[in-house]
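# Topology and contacts: notes
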Number of protein chains: 2
Amino acid sequence: MSTESQEPALSEQSTQDDESSKSVSKKAAKKEAAKQEKLRRRQEANLAAAATSSLSLDSGDDPLSANYGDVPLLELQSKSAKDVSDWTKVGLLNESLKDQLVLLRGRAQAIRAVGKKMAFLVVRESGFTVQCLAQVQPDVVSPQMVKYATALSRESIVDVEGVVSVPSAPIKGATQQVEILVKKLYSVNKAVPTLPIIVEDAARSEIEIEKAHQAGEQLVRVNQDTRLNFRVLDLRTPANQGIFRIQSQIGNIFRQFLLSEDFVEIHTPKLIAGSSEGGSAVFRLDYKGQPACLAQSPQLHKQMSICGDFGRVFEIGPVFRAEDSYTHRHLCEFTGLDVEMEIKSHYSEVMDIVDRLFVAMFDSLNKNCQKELEAVGRQYPFEPLKYLRQTLRLTFEEGIQMLKDAGIVVDPLGDLNTESERKLGQLVLEKYSTEFYILHRYPLAVRPFYTMPCYDNPAYSNSFDVFIRGEEIISGAQRVHVPEFLEKRAEACGIDVKTISTYIDSFRYGAPPHGGFGVGLERVVMLFCGLNNIRKTSLYPRDPLRIAP
Amino acid sequence: MSTESQEPALSEQSTQDDESSKSVSKKAAKKEAAKQEKLRRRQEANLAAAATSSLSLDSGDDPLSANYGDVPLLELQSKSAKDVSDWTKVGLLNESLKDQLVLLRGRAQAIRAVGKKMAFLVVRESGFTVQCLAQVQPDVVSPQMVKYATALSRESIVDVEGVVSVPSAPIKGATQQVEILVKKLYSVNKAVPTLPIIVEDAARSEIEIEKAHQAGEQLVRVNQDTRLNFRVLDLRTPANQGIFRIQSQIGNIFRQFLLSEDFVEIHTPKLIAGSSEGGSAVFRLDYKGQPACLAQSPQLHKQMSICGDFGRVFEIGPVFRAEDSYTHRHLCEFTGLDVEMEIKSHYSEVMDIVDRLFVAMFDSLNKNCQKELEAVGRQYPFEPLKYLRQTLRLTFEEGIQMLKDAGIVVDPLGDLNTESERKLGQLVLEKYSTEFYILHRYPLAVRPFYTMPCYDNPAYSNSFDVFIRGEEIISGAQRVHVPEFLEKRAEACGIDVKTISTYIDSFRYGAPPHGGFGVGLERVVMLFCGLNNIRKTSLYPRDPLRIAP
């Protein structure tokens, strides 16, 4: 357990005080906040103590005891009269439900007692929060029930039944602008009283922490490693709820677009005999006594599927790289979006697919994932991606020239390093107002041996990279489909042809001209949302130091 | 190279002779077929010889030489005036295109010369075939061009430009009922003249082979292993084109249904520290100096994602089992369709999803994959799956009783073996007219430790299996979400709790009641299409003896 995350913080539950608080000075507000914080910490301690000794609740004497309490495990397993549709999602609570009785299931994100007769409960579901008020009321809410509420441990799963009310002032401490007047409150499953991470801490933006710091207050900052160690808690933040829903949508748009263009979804094996197609380091294993490895990409099998007459194929699946990369943009396992297709006459056909696919994707995300993008932006502020209706295509030579004109000299037949790529991204943004563009006709020498050279100049190749915000997310090319020529190219690149004979043989039974590209799903999410680390967009990231949870 | 597949066979190209052939007797037809076959073999030999020495064509003297020939590699890479839309798909050729000039790209599946002035070419694309006729015609088709056509090697990629004509008699040797009168013919890429498998052999049904056998003719039967060794050729059969398009559709329907029900698609790691959740054998490997293994299922991580507040999740991804199973239904790597969801009050909520999801899937396949299902059925005849609008649910006890009533006694608290499952499938079909049903409330003792026991009888559990045509395709259950109880269950099952502490700890921070299920994609395709081996529905299958191609 990390000590740095032991400092919880509760956002102000300000419905009741809102009108008055507007008139008090900033200094007084700060003082009040500090006081509240002290109070809260004391309550937090009491609460933790209470939760560990749940016997301290003597609800047995309470005639209203049926309205609250722990739901026994047995009851959860019985077919109750309730239907799934009886529950209302927290994210759907709004003023139109005023005065209606609703049933919610969510987590007790924050609990605050006000005296012995009132308790505020912030209930969270899928990143959306609503403030609930349990207040002593004859024949409905007993003082014991309020006590029960305040003794709940944070992150416990609760069922709340109550009436929707619309407060006159905006609610600051919750996403939904209604309040639930609690009638019944049950705990479905209890969290341990001391959590390694408080979700509100994990959900805090740097800006908030800085602002508080300047005001003399020290708020908890949960670091990346702690988050990943306790990913189950970290994933509950609104930003993470948004990130992985956006990721899900990107996969969905990718597929829907390609299916509508007559692509077939395939699933190729990840267990490969020998040592994959070479290149970066592979994970090796023993396969029933045979040497095997994990596929570094579906390159061979997607090309084979083209030779198998599927015309146009795509795959979404894990890709394994045993590289010792500790950068913000490398993982040892990530989700590859792979495409391969027949080319009728020119590799621009592949770029046409990239162009239309990604413009459709960005459009759809901006239209259908507004809530999710806002949730991400609240914690990690970013500018919406600038992109053109028709994606800019620059040749590598043109890119080099732009860099040269800006005083940056790079090898005209070498690869671009991360720094040059970033710089070129800036220049392109200034000149063409886009943060998404294609750079094509790369020098042949910097591409894999199976890349088709340009017909007019074999120093270049029918290949391309695609950039978002100055970082590469896609690599693609036309492939050499003539086996004899493929052998020549492999030899020219110093590869022992014998080791890749299976690959080359695939093209001997007639192979159509073809090309394709590969995209890293996590990179697309990271760069579309302007995030600074790929570990933020992998559900359970794997890097050279991390293989858990 | 397998010798058994060296015997090619050409189906009759009968457009020209069709009217007359109707009047000849069966015996004469057989004689004629044998003669044709002899002729064909001789041509095949000539053709192979010609293809290896392409210099034998002296088209240089031909004033019409621009109308045919090998397309040089360089030309393929240049941006031609042609657009992708200039090509017509073979599968879309029909009578409505009569007299139109079309451009096709496909494979030369079969070539037959009739004298020196005429050549028939069957061109195949994505499993669809069309007959093309190149006939000497002044100013269009030269004798050299006919010679060029007959010298093409089978499976070479060709561009055919020609006029659509509608013959008076049905065409037996092709799927499309039009004929292309060839004007231009180019070879885009040549296959080697001697193929290890002839696609027409691989596409032949057992019935055809049997019929021919009874008629005294020996047709080639390509066995499973040869097919898999030369999968690139085998995949080109109409049945395989259908199978993997159906598979693609199943994945699509699965996703679309779940997304519409508010599920989030996730991608969990396949590289796992330690040794996965136990059970069947795992593939082990070294992960940067740490012991690791390949995930046998996304069980832990999908449950963790529920603890991470995603509510409802699904995953489509590879699943690895190092089992030594050589059955018709086991693979070492397959595609798992995994679902996990919060349960509000009863595990029937999970079965409700299974029910509606699969009925929607079967409906959609029957409606949208007719051509593909027909293509599969032509080679592997099967009856359409019988299923009800609302899926039958039987308890395990009811199933046992049905078996008992039929004179089969099985352990009432044991598992069903494959034979009993099959028998029960028959009984269910007879009684309820369905080949798709759910069997639930399995004995607790035969399910994994994390399965929730039944509230009313802990000898049973909140679990289910789902069957198609008497074989299990889905296994699902409510999971134990209370960590203390999960520990007890693990201990009761003889599992060292320390080894699964990460798993159990995931539930300590508040876990909602939840359940889910896993489906094997390849099994769904196999059983929906009534196929006899799961290797037929895996693109590049992996079993204990096979890790290539």
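Residues numbered from 1 in each chain as written. Chains lettered and ligands numbered in written order. Predicted model: local features only at pLDDT ≥ 70, side-chain atom pairs only at ≥ 80, totals over all residues. Heavy atoms only, no water.

All names here are of chain A. Of the residues making up helix 15 (residues 483–492), those classed as buried are Pro483, Leu486, Arg489 and Ala490. Seen along its axis, helix 15 keeps its buried residues to an arc of 115°; they face one direction. In helix 15, those exposed residues whose orientation departs by more than 90 degrees from the buried face are Lys488, Glu491 and Ala492. The inward-facing, buried residues of helix 15 abut helix 16 (501–505). In the segment just after helix 15, Gly494 is the residue with positive phi, at about 75°. (Buried < 20%, exposed > 50% of the residue type's maximum accessible area, 1.4 Å probe, protein only. Helix = DSSP H or I, 4+ residues; strand = E, 2+ residues; numbered from the N terminus. Arc of directions from axis to C-beta. Contact = heavy atoms within 4.5 Å.)

Our next topic: the nonpolar core. Counting 89 residues, the largest nonpolar core has Phe358(B) and Phe517(B) as its most contacted members. Apart from the residues lying within four places of it in its own chain, the contact partners of Phe358(B) are Phe436(B), Ile473(B), Ile474(B), Val519(B) and Val524(B). By size, the runner-up hydrophobic cluster in this structure holds 87 residues, among which are Leu365(A), Val376(A), Val466(A) and Ile306(B). (Core = buried A, V, L, I, M, F, W, Y, C linked by side-chain atoms within 4.5 Å.)

Another aspect to go through is the domain arrangement of chain A. All names here are of chain A. Along its sequence, chain A is carved into domain 1 (3–197) and domain 2 (238–537). Summed over both sides, the interface of domain 1 with domain 2 buries roughly 330 Å², with 59% coming from carbon and sulfur. Of all residues in domain 1, Ser126, Gly127 and Phe128 give up the largest surface area on contact with domain 2, accounting jointly for 77% of the area buried on that side. Counting every contact that joins domain 1 to domain 2 gives zero residue pairs in polar contact (both at pLDDT 80 or more). The class makeup of the residues in the side of domain 1 that touches domain 2 is one nonpolar, three polar and no charged. (Domains from an automatic or database assignment. Buried area = accessible area lost by both parts, 1.4 Å probe. Polar contact = N/O pair within 3.5 Å; in protein donor to acceptor, adjacent residues only side chain to side chain. Nonpolar A, V, L, I, M, F, W, Y, C, P; charged D, E, K, R; others polar.)

Residue and element names in this part refer to chain B. Mapped onto the elements of the fold, Glu372 is located in helix 12 (residues 370–379). It is Arg245 that comes nearest to the buried, bridge-free Glu372 among opposite-charge side chains, at 5.0 Å. With residues near it in sequence (within four places) discarded, Glu372 still touches Gly242, Arg245 and Ile246. (Lys, Arg positive; Asp, Glu negative; His and termini not counted. Salt bridge = Lys/Arg side-chain N within 4 Å of Asp/Glu carboxyl O.)

Where charged atoms from two side chains of opposite charge come close, those side chains can pair. Counted according to the given criterion, the structure contains 78 salt bridges over all chains. We note a salt bridge from Glu265(B) to Arg255(A), for which the minimum N-O separation is 2.7 Å. Linking Glu265(B) in strand 7 (residues 264–265) with Arg255(A) in helix 9 (residues 238–260), this pair reaches from one chain into another. Each member of the pair, Glu265(B) together with Arg255(A), is buried.

Residues and elements named next belong to chain B. The sheet built from eight strands is open, its strands ordered 7-11-12-17-16-15-14-13 with mixed pairing. Each of the sheet's edge strands pairs with one partner strand only, and the pair in question is strand 7 and strand 13 (392–395). Across six bridges, strand 15 (residues 463–468) lies against strand 16 (residues 471–478) in antiparallel orientation. Considered in strand 16, the bridge of Ser463 is made with Ala477. (Pairing = 2+ DSSP bridges.)

On the chain A side, the residues contacting the 111 residues of chain B number 111 residues. Buried area between chain B and chain A, both sides added, is near 9,400 Å², and the carbon and sulfur share of it is 59%. Put simply, chain B and chain A have ten salt bridges between them. Residue Arg107(A) pairs with Asp309(B) through a salt bridge whose shortest N-O separation is 2.5 Å. Where chain B packs against chain A, one counts 52 residue pairs in polar contact (both at pLDDT 80 or more). Here the side of chain B that touches chain A gets ten residues from one element, more than from any other, and that element is helix 9 (residues 238–260) of chain B.

Once that is clear, we can look at the relation of the copies chain B and chain A. Relative to chain A, chain B is turned by 180° and slid 0.0 Å along the rotation axis, the superposed coordinates differing by an RMSD of 0.0 Å. Taken together, these values place the two copies in the relation of a two-fold axis. Every residue of chain B has its C-alpha some distance from the rotation axis, and the shortest such distance is that of Leu285(B), at 2.6 Å. When the interface residues of chain B are mapped onto chain A, 100% of them again fall at the interface, so both copies present the same face. (Least-squares fit on C-alpha atoms with pLDDT ≥ 70 in both.)

Scanning all chains against the criterion turns up 31 aromatic pairs over all chains. For the ring pair Phe449(B) and Tyr450(B), a centre distance of 5.4 Å and an interplane angle of 75° mean the geometry is edge-to-face. Of the two residues, Phe449(B) and Tyr450(B), both sit in the buried class. One aromatic cluster in this structure is built from Phe358(A), Phe362(A), Tyr387(A), Phe436(A) and Phe528(A). When the ring centre of Tyr442(A) is taken as reference, the NZ or CZ atom of Arg447(A) above it lies at 4.6 Å. (Phe/Tyr/Trp six-rings, centres within 6.5 Å; stacked < 30°, edge-to-face > 60°. Lys NZ or Arg CZ within 6 Å of the ring centre and 35° of its normal.)

Right, let's get into the sheet that holds strand 11 (residues 312–320) of chain A. Residue and element names in this part refer to chain A. One open sheet accounts for eight strands, arranged 7-11-12-17-16-15-14-13; its pairing is mixed. Two strands bound the open sheet, and with one partner strand each, they are strand 7 (264–265) and strand 13 (392–395). The sheet contact formed by strand 7 and strand 11 spans two bridges and is parallel. Each bridged residue has a counterpart across the sheet, and for Val264 the counterpart in strand 11 is Val313. Helix 13 (residues 396–405) rests against strand 13 and strand 14 (436–440) of the sheet, and its axis sits at about 85° to strand 13. (Axes fitted to C-alpha atoms, helices over the stretch in contact; angles between N-to-C directions.)

Our next topic: the packing of helix 13 (residues 396–405) of chain B against helix 14 (residues 418–432) of chain B. All names here are of chain B. Interhelical geometry of helix 13 versus helix 14 gives an angle of 90° and a closest axis separation of 10 Å. Our classification of the angle between helix 13 and helix 14 gives roughly perpendicular. Residues Gly399, Met402 and Leu403 of helix 13 lie in contact with helix 14, whose contacting residues are Ser420, Lys423, Leu424, Leu427, Val428, Lys431 and Tyr432. Residues belonging to the contact of helix 13 with helix 14 are distributed by class as follows: six nonpolar, two polar and two charged. (Parallel < 35°, antiparallel > 145°, perpendicular 65-115°, else oblique.)

Looking now at helix 13 of chain A. Residue and element names in this part refer to chain A. Listed in full, the buried residues belonging to helix 13 are Phe396, Gly399, Ile400, Met402 and Leu403. Projection of helix 13 onto a plane perpendicular to its axis shows the buried side chains occupying an angular sector of 160°, all on one side. Among the exposed residues of helix 13, those pointing more than 90 degrees away from its buried face are Lys404 and Asp405. As for helix 13, its buried residues are in contact with strand 13, helix 14 (418–432) and strand 14. Positive phi shows up at Gly407, right after helix 13, with a value of about 90°.

On to the state of the cysteines, then. All names here are of chain B. Taken as a whole, this structure holds zero disulfides over all chains when the rule is applied. Lacking any disulfide linkage, Cys369 is separated from the closest cysteine sulfur, that of Cys529, by 9.0 Å. For Cys369, a relative accessible area of 2% corresponds to the buried category. (Disulfide = S-S within 2.5 Å.)

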